[in-house]
Amino acid sequence: MQILRSTPQSSLISFKELVKQGADQITQRWLEAVRNDRSIPSAVGLEEPLLRDAVPLVLDEILRVIDVDESKIEHEKICSAARHGRERAQEHFDVRELVREYQLLRDQIFNYLEDHASQYARSVTAGVANINYRVGLALDEAMRETINAFVEEHIVQLRRLSRLDSVTGLYNHRIFYERFEDELNRAKRYDSPLTLVLIDLDNFKTVNDTKGHPFGDRLLVKCAETLRHELRQTDIISRYGGDEFAIILTETTRQHGHGMMVRVSNAIRDLGIREGAPASFGMTLGLAAHPEDDGTVTRLVKVADDHLLYNKHMNKVGLSETRKGSL
């Protein structure tokens, strides 16, 4: 590889100005190439390419790389610049698309440098081939590091999503059991109370049958929001099943938990009225408490579920156990 020689500042400025002047041209040609490239799955539907906001920053950092007179290329800043649009990329992420955008950007940069080689060849002593090599190496390193960063962020996002229910955004069934195990162990260790609540929405099938599933999904989301609003930040709320929720009330006795659930029940009933749900819409619940109910996860879930089934039966015969205060 040819060794870079010290270049007069005036020459570097001349070359840098040349590239700066061409930044808009490079960007526009790159945009056209991206939108005309059929190998990019979403080129037509996506308003802007993933790297759109990053291109000016990438070009600026390429100039910095050219300006450096040592053999070591610090690509980290180019990587940082290329990740400028990472929030949008998380919403629409495709590694193939990201790679292809980088390839097209590389092509357009080198096309521009080749078109103007005669203009800057006389003003640099490093040699055109050497500068092209350094630019290419910097882009390669930037692409690799950018993809790694995007993939890592995407994996983190997928892991987070795997813990949540897709409709309500609450913890899902699997995470409920993980959290319940942790909280029960903590309650035992510190000799503190813990209450488990299982909630079943009344006549939710009727809601879907009469109002449609989109209305039912929206009502589930509203119920989740109501639970979040009515309960404490320390309480753990999960979607247990189709129309069932599970709530872990930390450091809460059965009596205190019952009082909290009466308030929640009224809020859910009021929500149904506001949203136009059938008059029969509401909620039934069952409670279990540690240490009274033989504090194991399996035992507490069974006790709460038995109470829930009993209360639903009593509701059908008009003798709601909830109104009698025994949950």
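Residues numbered from 1 in each chain as written. Predicted model: local features only at pLDDT ≥ 70, side-chain atom pairs only at ≥ 80, totals over all residues. Heavy atoms only, no water.

**Here's the deal with the packing of helix α9 (residues 204–211) against helix α10 (residues 213–230)**
Then step 1. Across the interface, α9 lies against α10 with an axial gap of 7 Å and an inter-helix angle of 135°. One way to sum up the angle between α9 and α10 is to call them oblique. Contacts between α9 and α10 involve Phe204, Val207, Asn208 and Lys211 from the first element and His213, Phe215, Gly216, Leu219 and Leu220 from the second.
Then step 2. Residue composition of the contact of α9 with α10, grouped by class: 5 nonpolar, 3 polar and 1 charged. (Axes fitted to C-alpha atoms, helices over the stretch in contact; angles between N-to-C directions. Helix = DSSP H or I, 4+ residues; strand = E, 2+ residues; numbered from the N terminus. Parallel < 35°, antiparallel > 145°, perpendicular 65-115°, else oblique. Contact = heavy atoms within 4.5 Å. Nonpolar A, V, L, I, M, F, W, Y, C, P; charged D, E, K, R; others polar.)

**Some points on the side chain of Asn208**
Then step 1. With respect to the helices and strands, the residue Asn208 is situated in helix α9.
Then step 2. The exposure class assigned to Asn208 is buried, which follows from its relative accessible area of 15%.
Then step 3. Excluding anything up to four places from it in sequence, Asn208 contacts His213 and Gly216. (Buried < 20%, exposed > 50% of the residue type's maximum accessible area, 1.4 Å probe, protein only.)

**Regarding the sheet that holds strand β2 (residues 236–239)**
Then step 1. Strand order across the open sheet formed by 4 strands is β2-β3-β1-β4, with antiparallel pairing between neighbours. On the outer flanks of this sheet lie β2 and β4 (282–290), each paired with one strand and no other. Looking at each pair of strands side by side, their axes are set apart by 20° on average, direction ignored.
Then step 2. Across 7 bridges, the pairing between strand β1 (residues 194–202) and strand β3 (residues 244–250) is antiparallel. In the strand pairing of β3, Leu198 is matched with Ala246.
Then step 3. In the packing of helix α11 (residues 254–275) onto the sheet, the strands contacted are β1, β3 and β4, and the crossing angle to β4 comes to about 165°. (Pairing = 2+ DSSP bridges.)

**Remarks on the environment of Leu170**
Then step 1. As for its position among the elements, Leu170 is in the loop between α7 (128–161) and α8 (173–190).
Then step 2. Overall, the relative accessible area of 4% leaves Leu170 in the buried class.
Then step 3. Residues Leu170 and Tyr240, spaced 70 residues apart in sequence, show a C-alpha to C-alpha distance of 9.5 Å.
Then step 4. The residues contacting Leu170, other than those within four sequence positions of it, are Arg163, Leu164, Asp165, Ala224, Arg228, Ile237, Ser238, Arg239 and Phe245.

**Remarks on the packing of aromatic side chains**
Ring pairs (aromatic) are described by centroid distance and by the angle formed between their planes.
Then step 1. Considering all chains together, one arrives at 4 aromatic pairs under this definition.
Then step 2. With centroids separated by 5.4 Å and ring planes inclined at 90°, the aromatic side chains of Phe176 and Tyr240 adopt a geometry described as edge-to-face. With Phe176 in helix α8 and Tyr240 in the loop between β2 and β3, this residue pair connects regions lying 64 residues apart in the sequence.
Then step 3. Under the relative-accessibility criterion, Phe176 is labelled buried at 0%.
Then step 4. Between the aromatic rings of Tyr177 and Tyr240, the centroid separation amounts to 6.2 Å while the plane-to-plane angle is 45°, which identifies the pairing as tilted. With Tyr177 in helix α8 and Tyr240 in the loop between β2 and β3, this residue pair connects regions lying 63 residues apart in the sequence.
Then step 5. Here Tyr177 falls in the partly exposed class, since its relative accessible area comes to 28%.
Then step 6. Members of the aromatic cluster, each reached through a chain of ring pairs, are Phe176, Tyr177, Phe180 and Tyr240. (Phe/Tyr/Trp six-rings, centres within 6.5 Å; stacked < 30°, edge-to-face > 60°.)

**So, the pairing of β4**
Then step 1. In terms of burial, β4 is a largely internal element, 9 of the 9 residues being buried.
Then step 2. Residue alternation in β4 divides its side chains into two sets, Gly282, Thr284, Gly286, Ala288 and His290 and Met283, Leu285, Leu287 and Ala289, and both sets are buried.
Then step 3. By the bridge criterion, 9 bridges tie β1 to β4 in an arrangement that is antiparallel. Within β4, the position partnered with Asp200 by the bridge is Thr284.

**So, the environment of Arg179**
Then step 1. With respect to the helices and strands, the residue Arg179 is situated in helix α8.
Then step 2. Judged by relative accessible area, Arg179 falls into the partly exposed class, the value being 22%.
Then step 3. Along the backbone, Arg179 and Ile248 are 69 residues apart, and their C-alpha atoms lie at a distance of 8.6 Å.
Then step 4. With residues up to four places along the chain from it excluded, the contact list for Arg179 reads Tyr171, Ile236 and Ile248.

**Considerations on helix α12 (residues 297–316)**
Within an α-helix, residues lying three or four positions from one another point in the same direction, as the helix has 3.6 residues per turn.
Then step 1. When the terminal C-alpha atoms of α12 are compared, their 29 Å separation across 20 residues agrees well with the 28 Å that a helix rising 1.5 Å per residue should span.
Then step 2. Here α12 has its buried residues at Val297, Leu300, Val301, Val303, Ala304, Leu308, Asn311 and Met314. End-on, the buried residues of α12 take up no more than an arc of 160°, which puts them together on one face. Seen from the open side of α12, the exposed residues pointing more than 90 degrees away from its buried face are Thr298, Leu309 and Lys316. (Expected span 1.5 Å × (residues − 1). Arc of directions from axis to C-beta.)

Don't take any of this as a statement about function, it's just geometry.
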